[in-house]
Amino acid sequence: MDARACWSGWILEAEMALPFHYDEEQLEEMMDRYAVMLSPTGTSHSSLESRQGRQAQYGTICLWRTRVFVPAAIHIQIIGPDDNELPETARLYWNSQYMEGSTQPLTLCPGSHELSLLLYSPKPEEEQESIDHNPGEGKLSFQLEDADHDPGEGGLPFLLQDEEGPLPLDPDAANLRFSLHDMDTLSEYIEATVSPDGKWAASITRHTDLEQDQYNYPIGIYRVTSAGLKLDRSLSVREPHTLRFSADSRRLAFVAVASEGYWDMIICLELANGRERILLSGLHHAGQLAWHPQRDELFFVCDDYDGPEEYRVLHIRELPQRLSWWRPQKVIGRLLLNQPMPGGEVLLQRISPKMYDIQHLHVHGEYLYYVEEQRGSSIHPALLLHRLNLLSGTDKVQRLPNAIITGMQLSPSGQMLAYIGSRWQGEEKEKLEQPKRTDRNYAASPADAAVQAAASTAASAAASSETAYGYGINIYDLRTHILQLTDGSIQQLDHPSPAQSGTPVGIARLNQELVWVGEDHLRYVITAGSLTGIADCHGIAEGQLQYGIRLDTGSSRLHSFTAAGEVLAVQSEYGHPYRPAWYAQNPIQPGADTEGKWNTLALQADSSLLAEGSLAYRWVGYQPIARQSSERENEGGIEKARMWIAWPEQSAAAEQSSIPLVVYLYGGASPLLQGFDPLHQCLVTHGMAVLVLNPLGAAGYGASSADRHVNDWGREAVGEISEMLEEVLERYPVLNRRAVGIYGGSYGGFLSYLLAARTSSFSAVCTIGGISNITSYWGSSQVGYLYGLSALSGSYPWSHPELYVQQSPLFYSQHIQAPVLMLHGEQDRNVPVGESEQLFTALRMQDKTAEMMIFANEQHAIRSKPRAYVASQKYMVAWFEKYLNRNPQLWEELTGSEIEIILD
C-alpha cells in the first residue's frame with residue numbers, strides 16, 4: 001500500500017509541578033508512580049495538577065500523547081531538535097506499554113496506536129519559550145503547515161519519522177481505527193432482559209481483564225424512559241447469568257458464582273430499594289429460573305449433587321454418557337419467598353425426581369410445565385413435556401416430535417403452548433428423498449479436476465442410494481409450533497417468507513424469542529438469510545392464521561419481550577457494534593413483508609458500561625452484495641445465498657489488484673449474521689477486505705435450502721463458494737486474486753480445508769477447531785453422532801463409506817498448496833484436537849507449509865480465558881499479514897522460535 005503513516009501531533013494532556021527537589025532515585029520512583037496516568041485518553045487524572053508557583057523552582061513531570069495511524073507495518077523513531085534522541089529522563093509508552101530502549105526504532109503494525117511520553121523537565125523556566133504548559137487544552141505540537149519542518153512554537157520539539165523522513169501531520173489520525181492491541185478494550189453483551197411492564201431493563205456485559213486473565217461480568221440495571229435507558233445501579237458479582245424479572249416487575253433474580261468459586265447461589269434484587277438478598281447457596285450448575293406469575297415463588301433447576309466430582313474410571317455404557325454435561329442428574333427446586341424459615345432462610349422444596357436434562361420452566365396457576373430430554377439407549381433425543389400439578393403432584397407427560405426446542409411460552413389462558421423447535425413431519429422417523437444435486441467442475445488446475453471428478457463419482461453413488469432416514473432432519477431449521485394442551489394436538493406454523501424461527505442455534509443465549517400478545521396473537525423472532533426480524537401470527541384462536549413479517553436492516557440478538565409484545569434486544573447495523581434497541585408494540589399487519597428498523601436506545605450511563613468500549617473507534621460497516629440467482633438456486637425457488645463485504649478505507653483510491661481478500665465461512669449449519677465482529681475490524685485495519693458468505697445449506701433460507709446440508713458435506717458448498725468468490729473478484733478489480741485467504745471455525749474450518757484441496761483460489765488458510773476427517777469426527781466428538789443425525793442422516797461409515805472418505809479433506813491433503821494455520825483448544829470435545837493433528841501430520845509429511853497452535857485448557861471456541869482468545873485473534877491476523885500482505889514480521893514477533901508460548 002502506498003499510503004504513509006500519519007500522526008496527530010503531541011498533545012499536552014497533564015502536568016504536575018514537583019513540590020520539592022528530587023534526587024535521581026526519588027525521581028525514578030515518581031516516574032513509576034505517575035505511569036498509572038497511562039490509561040486510555042479521556043480518563044480524569046486528578047493527581048496531575050498545574051502548580052505554577054513551584055514550577056520554576058523544582059521542575060515538572062508532563063504527560064504528552066499522540067496518535068499514529070499506520071496503514072502498513074513500519075519502523076519509526078522519535079527524533080528531537082537537530083536529530084537529538086530523547087533525553088534520559090523521558091519514558092516512552094506504546095499503547096500503555098513501557099518501551100525500554102526508546103532510542104531504538106519502534107515497530108508498529110497496521111492500525112491506530114497511541115504513543116505517550118512521560119517527560120521530566122528539570123528547568124521549566126528555560127523551556128517556557130518552547131513548551132506551553134496549559135494542560136487539558138489539547139494543543140498540537142506544531143501547525144500542519146510546518147509538518148515537515150520545525151515544530152514551531154508552543155509544542156513538544158520531538159518528531160516522528162520513518163525511513164522516508166518525518167511523518168506527515170494529520171488531525172484525522174486521532175480518529176482511532178480498531179487494532180489488535182485494542183481487543184481488551186471491547187466488551188460484549190452477554191444477556192439482556194426487560195421487565196414485563198416495560199419499565200425496567202437489565203443487562204450483563206463481559207469485560208476483559210488481560211492482567212488478571214479473567215472476564216468481569218457487571219450487571220446494569222436501567223430504567224426505561226422515553227429518552228432511552230437510564231442507569232439506576234450496577235452490580236458486581238461473579239459470573240452472573242439467567243436474569244429473570246418477576247411477573248409484577250418488582251424483583252430481579254439471577255444466578256451467580258459464590259466468592260469461594262465452588263458453588264452457585266440465587267440472588268434476588270428488590271428494584272424499589274436496591275436490596276440484594278441471597279435466596280439460596282450451595283448449588284451446582286443452577287439455572288432455568290422461573291417466577292410464579294401470581295405468588296412469591298421461584299423455581300429453578302440444579303444438579304443433584306451427591307459428592308465430589310473426582311473420578312478414577314468412567315464406565316460408559318450408552319452414547320449420552322459421554323457428554324460431561326449430561327452425566328450429572330438434575331432436579332427442580334422451588335423457593336417460597338413468602339414463607340420464611342427461622343433465621344431468615346427461604347423455604348426450599350424439591351419437586352421432581354432426578355432427570356438428565358430439564359429445560360424451559362413455565363408456571364401457570366397450579367401447574368408447572370417443563371421439558372425433559374431423554375435418550376437412554378436410543379440415539380435419538382426424546383423430548384417429554386411435563387405438566388406437573390403443584391398441589392396434587394400428578395404429572396402428565398406428552399412426547400413432543402422435535403429433536404430440539406429453544407424457546408417456550410404459555411398463552412394467557414394456559415390453553416396453548418407456543419414453542420420454537422426443529423421441524424417435524426410425523427412422530428416416527430422422518431423419511432426423505434435425497435436432495436437433488438448438480439455437480440460441476442469448478443477446478444482451477446488439473447489436480448483440482450481429478451479431485452472434483454472423484455467427488456462427482458461419490459456424489460452420484462450417494463444420490464442413487466436408497467432413501468435416507470433421519471430424526472428431525474436438520475435440527476437447525478427451526479419452526480414455531482402451537483400445542484393445544486386440551487387435546488395434545490400440535491400445529492406447525494409456516495410463515496410465508498423463507499426463514500427460520502428464532503435466532504440460529506449457536507448464536508442465541510438465553511433469548512426470549514416469542515410472546516403471546518393476547519390469546520389470538522403470537523409474536524416471535526425470525527432469521528431470514530443473514531438478517532433477523534419479527535413475525536406476527538394473527539387469528540390463532542379462530543384457526544385463521546395470517547402472518548406479518550418485518551426484517552431488520554442488520555442483525556439483533558438477546559431478545560426479550562414485555563407483556564405487551566415490545567421487544568428489547570441488542571442490534572448491530574451492518575457490522576457496527578451491538579447497541580440496545582427497541583422494537584415498538586405496534587402489530588405487524590397480515591401480509592406485510594418489509595424491511596424495518598430498530599430504534600437504537602440511548603444509554604444514559606457512564607461510558608464504561610457501553611459494550612463497544614470507552615473509545616470511539618472509526619468502525620467499518622459491511623456492504624451487502626446484491627447478486628443474481630444461480631441456476632442451482634433457481635431450482636425449487638430457493639432464495640439466493642447472501643454475501644457482504646467490509647473494505648479498508650484506502651480501497652477507494654487503491655490500484656487494481658492491490659487489496660488482499662479474506663473469506664469467512666459459517667460453522668455448523670447456523671448462518672452468519674451481519675453483526676459486529678472485532679476480528680474483521682482488525683483485518684480491515686491491516687488493509688484487507690473481508691468477504692462473508694452464507695452459502696445455501698445454512699439455516700435461515702427455508703426448508704429446501706436447509707435440506708441441502710443433509711448428506712452433502714461440502715459437495716455443493718465448494719462449487720457455490722467458488723462461484724460467489726469469482727463473482728466478487730470479477731466485480732471488484734481492486735481485489736488481488738493472488739492474495740485471497742479463507743478462515744472458518746468447526747464446520748467452517750472443514751469447508752476451508754475442502755476448498756483449499758479442491759481449488760487453487762487461496763493463498764492462506766486458517767481454521768479454528770476445524771474438522772478434517774468426517775469418520776473420526778463422527779465417532780470421537782461428543783456431539784459428532786448428534787450432528788450426524790442432521791448432516792449425515794441415514795449415512796454411516798459402514799453403509800456409505802464413500803461419503804466419509806470422498807468428502808474428508810484429510811484424504812486430499814496432497815492437493816492443499818496454501819499455507820495452513822490450525823488453532824485448536826486442547827480440551828475441545830466438540831471437535832477433538834485430533835482433527836487438527838491428523839491433517840497437520842499429513843501436510844508436514846508432504847513437506848507442505850502448516851503450523852498448529854494448541855491452546856492449553858481451552859475448548860471449542862478458544863475463549864474461556866481472555867489471553868487465549870486475544871492471542872488466537874492475533875495469530876489469525878498475523879498469518880494473513882504474512883501470506884497476503886507479504887509481511888512476516890508480526891507473525892515472527894508473536895510466535896518466536898519456542899514450542900511453548902507463555903501468553904502475557
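Remember, predicted model here, so these are calculated numbers, not experimental data.

A. Spotlight on the sheet that holds strand E51 (residues 820-825). Strands sit in the order E45-E46-E48-E47-E49-E50-E51-E52 across an open sheet of eight strands; the sheet is mixed. Each end of this open sheet is capped by a strand with a single partner; those strands are strand E45 (623-624) and strand E52 (850-855). Relative to strand E46 (residues 642-646), E45 is paired through two bridges, and the arrangement is antiparallel. Across the sheet, Gln623 pairs through a bridge with Ile645, a residue of E46. Seen against the sheet, helix H9 (residues 747-758) touches strand E47 (659-665), strand E49 (735-745), strand E50 (764-768) and E51 and runs at an angle of roughly 145° to E49. Packed on one face of the sheet, helix H13 (residues 834-845) meets E51 and E52 and runs near 155° to E52.

B. Geometry of unusual backbone geometry. For Ser746, which is not a glycine, the phi torsion comes out positive at approximately 60°. Considering the arrangement of structural elements, one finds Ser746 in the loop between E49 and H9. The exposure class assigned to Ser746 is buried, which follows from its relative accessible area of 16%. One non-glycine residue with positive phi stands out, namely Asp847, at about 60°. Tracing the sequence through the fold places Asp847 in the loop between H13 and E52.

C. Broad picture of the packing of helix H6 (residues 678-685) against helix H14 (residues 866-883). Here H6 crosses H14 at 35°, and the two axes come no closer than 10 Å. In this structure, H6 meets H14 at a crossing whose hand is right-handed. Residues Pro678, Leu679, Cys682 and Leu683 of H6 lie in contact with H14, whose contacting residues are Tyr869, Gln873, Met876, Val877 and Phe880. Class assignment of the residues belonging to the contact of H6 with H14 gives a composition of eight nonpolar, one polar and no charged.

D. Structural view of the confidence of the model for the protein. Confidence along the protein averages 81 in pLDDT terms, with 81% of residues attaining 70 or more. Considering only residues more than four positions removed or in separate chains, one finds that residues 427-471, a stretch of pLDDT under 50, has 89 contacts. Scored below 50 in pLDDT, residues 603-609 makes 20 contacts in the model with residues more than four places away or belonging to other chains.

E. View of the sheet that holds strand E26 (residues 382-389). The sheet built from four strands is open, its strands ordered E24-E25-E26-E27 with antiparallel pairing. Every other strand in the sheet has two partners, leaving strand E24 (358-364) and strand E27 (395-400) as the edge strands with one partner each. When the angles between neighbouring strand axes are averaged without regard to direction, this sheet yields 20°. In terms of strand pairing, E26 meets E27 through six bridges, oriented antiparallel. Looking across to E27, one finds that Leu388 is bridged to Asp395.

F. Representation of the pairing of strand E9 (residues 159-162) in the model. Where strand E4 (residues 74-79) and E9 come together, three bridges link them in antiparallel fashion. Looking at E9, one finds that Ile78 is bridged to Leu160. Pairing between E9 and strand E10 (residues 165-166): two bridges, direction antiparallel. Each bridged residue has a counterpart across the sheet, and for Asp162 the counterpart in E10 is Gly165.

G. Expanded view of the side chain of Gln321. Along the chain, Gln321 falls in the loop between strand E21 (297-303) and strand E22 (330-340). Only 2.6 Å separates the side chain of Gln321 from the backbone nitrogen of Arg317, close enough to count as a polar contact. When residues no more than four places from it in sequence are discounted, the contact partners of Gln321 are His315, Ile316, Trp326 and Arg327.

H. The environment of Ile266, seen in detail. Note on placement: Ile266 falls in strand E18 (residues 264-270). For the pair formed by Ile266 and Ala256, sequence separation is 10 residues and the distance between their alpha carbons is 6.5 Å. For Ile266, the residues in contact, after removing those within four places along its chain, are Phe254, Val255, Arg277, Ile278, Leu279, Leu280, Leu283, Leu289, Leu298, Phe300 and Leu335.

I. How the structure looks around the packing of helix H8 (residues 715-731) against H9. Where H8 contacts H9, the two axes come as close as 10 Å, and the packing angle between them is 75°. With respect to each other, H8 and H9 are oriented roughly perpendicular. Contacts from Ala717, Val718, Ile721 and Ser722 of H8 reach H9 at Leu751, Leu754, Leu755 and Arg758.

J. Layout of the packing of aromatic side chains. For the coordinates displayed, the defined rule picks out 28 aromatic pairs. Put simply, the rings of Tyr666, Trp713, Tyr747, Phe750, Tyr777 and Tyr787 touch in pairs and so form one group of aromatic residues. Here Arg206 stacks its cationic end above the ring of Tyr215, 5.1 Å away from the centre of that ring. Note that Arg758 overlies the ring of Tyr812, its terminal NZ or CZ placed 5.4 Å from the centroid.

The rules we used
- Residues numbered from 1 in each chain as written.
- Predicted model: local features only at pLDDT ≥ 70, side-chain atom pairs only at ≥ 80, totals over all residues.
- Heavy atoms only, no water.
- Pairing = 2+ DSSP bridges.
- Helix = DSSP H or I, 4+ residues; strand = E, 2+ residues; numbered from the N terminus.
- Contact = heavy atoms within 4.5 Å.
- Axes fitted to C-alpha atoms, helices over the stretch in contact; angles between N-to-C directions.
- Buried < 20%, exposed > 50% of the residue type's maximum accessible area, 1.4 Å probe, protein only.
- Left-handed = near helix turned anticlockwise from the far one by under 90°.
- Nonpolar A, V, L, I, M, F, W, Y, C, P; charged D, E, K, R; others polar.
- pLDDT = per-residue confidence, 0-100.
- Polar contact = N/O pair within 3.5 Å; in protein donor to acceptor, adjacent residues only side chain to side chain.
- Parallel < 35°, antiparallel > 145°, perpendicular 65-115°, else oblique.
- Phe/Tyr/Trp six-rings, centres within 6.5 Å; stacked < 30°, edge-to-face > 60°.
- Lys NZ or Arg CZ within 6 Å of the ring centre and 35° of its normal.

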